[in-house]
Amino acid sequence: MACVMDGNGRWAAQRSLPRTSGHRAAETTVIDVIEAARTAGVEWLSLYAFSTENWSRPSSEVDYLMRLVRGVVRKHAPLLHARGIRCRFLGVSDPRIPRALARDFADVMTLTGDNRGMTLTVAFDHGGRGDIVAAARSLIRAGVAAEAVNERSFAAHLPFPDTPDVDLVIRTSGEQRISNFMLWQVAYAEWVFPTVLWPDFRAPHFLQCLHTYRERDRRFGGVPPERNGDSRS
Ligand code: IPE
Ligand code: IPE
Ligand code: MG
């Protein structure tokens, strides 16, 4: 499952604070949600932290986010490791990413790489379309014949190809859009849009979203067996 962590700016604006305060307040939610997910038995959790489109924000905000994420990762990596969480960073290809941050991401991936608990993927400098284009390039470079390209072989060239399809995406703050998030993997995801802003989102909200998901009737284009009464087979 995945979270599009949205609403930090509005949370700050409601308090007449600078947008950066909203980002800082998001740290508590991130830790709360990771723990809630782990405790609930979620095996794969992805968090959308910075999109390729977010580079268009004022450079002061972008710089703040780079520093903040580095601080959060350095501070919490030992605890995540102790809890058996395997951390991954999806994205991080733009040369504007500070080298020290990219190094910390790589170090944390190495540190936690053999953990067998929940896999936490932080999508940072991520864009779903960019991943699809990169996969196409990778296929061509590998010399894969056109006839050999199918959904399975294509997906094998996406970053972290072992990541399963996303079943549930939670997007906080009431916004209802994909914003270029893991486009391939969310093809059949259920979406939940709580109106609460990300810095106010806590474990009970998270559990409520899981409950909503469990009540959903997933069909994958088929017909549920109990409604299949007209079939004469
Ligand atoms: C989400 O909060 C955090 C990032 C995109 C980095 P926003 O900063 O988008 O908050 P709003 O949407 O302006 O409230
Ligand atoms: C999506 O949120 C990206 C992240 C949560 C990191 P945005 O706030 O950037 O998305 P838009 O601009 O509302 O589509
Ligand atoms: Mg936003």
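Residues numbered from 1 in each chain as written. Chains lettered and ligands numbered in written order. Predicted model: local features only at pLDDT ≥ 70, side-chain atom pairs only at ≥ 80, totals over all residues. Heavy atoms only, no water.

## Overview of the layout of surface pockets
When its volume is computed, the largest pocket comes out at roughly 740 Å³. Around the largest pocket, the lining is made up of 39 residues, and of these Met5, Asn8, Tyr48, Ala49 and Phe50 lie nearest the centre. For the lining of the largest pocket, the secondary-structure elements that each account for two or more residues are α1 (8–14), α2 (19–39), β2 (44–51), α3 (59–82), β3 (86–91) and β4 (119–126). The biggest single contributor to the lining of the largest pocket is α3, with eight residues. Across the lining of the largest pocket, the residue classes break down as 23 nonpolar, eight polar and eight charged. The space that makes up the second largest pocket amounts to roughly 260 Å³. Lining the second largest pocket are 16 residues, with Met1, Val42, Glu43, Trp44 and Asp167 sitting closest to its centre. Taken together, the residues that form the lining of the second largest pocket break down as nine nonpolar, three polar and four charged. (1 Å grid on protein atoms, 1.4 Å probe; cavity = no way out; pocket = protein on both sides within 12 Å on 5 of 7 lines; lining within 4 Å. Points joined across faces, edges and corners; volume = space filled by probe spheres on them. Helix = DSSP H or I, 4+ residues; strand = E, 2+ residues; numbered from the N terminus. Nonpolar A, V, L, I, M, F, W, Y, C, P; charged D, E, K, R; others polar.)

## A short note on helix α4 (residues 99–112)
Because each turn of an α-helix spans 3.6 residues, side chains separated by three or four positions in sequence point in the same direction. The end-to-end C-alpha distance of α4, which contains 14 residues, comes to 20 Å, matching closely the 20 Å that a straight helix rising 1.5 Å per residue would cover. Listed in full, the buried residues belonging to α4 are Leu101, Asp104, Phe105, Val108 and Thr112. For α4, the buried positions fall inside an angular range of 100° around the axis, keeping them on one side. Exposed side of α4, more than 90 degrees from the buried face: Arg99 and Thr110 are the residues found there. In this structure, the buried residues of α4 make contact with α3, β3 and β4. (Expected span 1.5 Å × (residues − 1). Buried < 20%, exposed > 50% of the residue type's maximum accessible area, 1.4 Å probe, protein only. Arc of directions from axis to C-beta. Contact = heavy atoms within 4.5 Å.)

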